[in-house]
Amino acid sequence: MTSDVKEIYSGGAPPAPAALAAKVRTLAPSMTRSMQRVAEAVAADPAGTAALTVTGLAELTGTSEATVVRTARLLGYPGYRDLRLALAGLAAHQESGAAPAVTADIAVDDPIADVVAKLAYDEQQTLADTAAGLDTVQLGAVVTAAAAARRIDIYGVGASGLVAMDLAQKLLRIGLIAHAHSDPHLAVTNAVQLRSGDVAIAITHSGSTGDVIEPLRVAFDRGATTVAITGRPDGAVSQYADHVLTTSTARESELRPAAMSSRTSQLLVVDCLFVGVAQRTYETAAPALAASYEALAHRHSPRTR
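The following paragraphs examine the structure supplied in this document. Since this is a predicted model, take the numbers as computed values, not measurements.

Inside soluble globular proteins, nonpolar side chains tend to come together where they are buried. In terms of nonpolar packing, the biggest core is built from 31 residues, with Ile152, Ile154, Leu171, Ile201 and Val277 touching the most fellow members. Other than its neighbours up to four places away in sequence, Ile154 contacts Ala164, Leu167, Ala168, Leu171, His179, Ala180, His181, Ile201 and Ile203.

Shown next, in the form of structure tokens:
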């Protein structure tokens, strides 16, 4: 595990049983290989591992009792006993519902109907995982900062750049000053102009995109409130972020690259952020939305010959 990831339980309520699988998927890439074996075991067989003692799980995964306890604490539980209770709850939840009829694996010769069903299921899982793992305290803090910001800059490249543009245009429609930057040079030159009271948001699934990290670092140094929307909360981008909003890390396949699943989870986070800001600024946001709708209404009317 990288040094940036805390192994010590930080207090607060442990994750709900339904959020455990999402937590495992999100944090597994940051774990040591031995901790990954423990995490994968509990996610794959909640009922079976819930019946094991800490010694039994250590033997099953070829690890140590200390590794099992550290994994439990990294997942958000005070100790292994609490993790076992969550596993039992997750097992009961799974038994009460119907098992999914499809998986995310898409074969090159799958009928298009199967492709639709598999993608729909995977998108649903990505959204559920993101919602379960999203820190609403952090989200609330970002909403507060954005609602009062003089200016909001959003950085993203590639698929994340499209999400950055989506958030910027939403914020503009409720009367906020927001700009999306996908050109790294323009992003940095704009970040230099930021100051305390401004907000800078970096969107990067990997957490290591240099073209996004650099302007966020500049904004951080200038005193702006900085935010990272990322699938890797232990990534390099987080060291310059006052607030981190974690997106789901879905399994990548040949016909479903990471950019597809990351876009889905990022869009959910930015939509939650936008709605929160719109709520906070409703007295000005509602008239601004109405004005923009009215200004564009004629473009949606049928043209007469």
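Still more ground to cover, so stick around.
Now for the environment of Gly276. Among the secondary structure elements, Gly276 is positioned in helix H12 (residues 258–280). Under the relative-accessibility criterion, Gly276 is labelled buried at 12%. Each C-alpha atom of the pair Gly276 and Ala146 lies 9.5 Å from the other, and the pair is 130 residues apart in sequence.

So, on to the environment of Thr284. Looking at the element boundaries, Thr284 is found in helix H13 (residues 282–296). Given a relative accessible area of 53%, Thr284 falls into the exposed group. Sequence-wise, Thr284 and Ile174 are 110 residues apart; in three dimensions their C-alpha atoms are separated by 7.2 Å.

A separate point is helix H1 (residues 20–27). Quick reminder: α-helices carry 3.6 residues per turn. Residues three or four places apart thus point the same way. Most of H1 is tucked away: 6 of the 8 residues are buried. Listed as buried for H1 are Leu20, Ala21, Ala22, Val24, Thr26 and Leu27.

The end-to-end C-alpha distance of helix H11 (residues 210–221), which contains 12 residues, comes to 16 Å, matching closely the 16 Å that a straight helix rising 1.5 Å per residue would cover. The set of residues buried in H11 consists of Val212, Ile213, Pro215, Leu216, Val218 and Ala219. Where H11 is buried, its residues touch strand E1 (152–155), helix H10 (184–191), strand E3 (199–204) and strand E4 (225–230). In the segment just after H11, Gly223 is the residue with positive phi, at about 95°.

Rules behind the numbers
- Every chain's residues receive numbers from 1 upward, in the order its sequence appears when written.
- Note on the predicted model: pLDDT of at least 70 is required for a residue's local features to be given, and 80 or more for side-chain atom pairs to be given and counted; whole-chain, interface and lining totals, by contrast, use all residues.
- Just so you know, side-chain values use all the structure's heavy atoms and leave hydrogens and water out.
- To form a nonpolar core, buried Ala, Val, Leu, Ile, Met, Phe, Trp, Tyr and Cys residues must be joined to one another through side-chain atoms within 4.5 Å.
- Throughout, exposure labels follow a simple rule: accessible area from a 1.4 Å probe, protein chains only, divided by the maximum for the residue type, with under 20% read as buried, over 50% as exposed, and the rest as partly exposed.
- Only heavy atoms matter for contacts: two residues are in contact if any of them lie within 4.5 Å across the pair.
- Per the convention used, a helix needs a DSSP run of H or I reaching at least four residues, while a strand needs a run of E reaching at least two, with both numbered from the N terminus.
- The span you would expect from a helix comes to 1.5 Å times its residue count less one.

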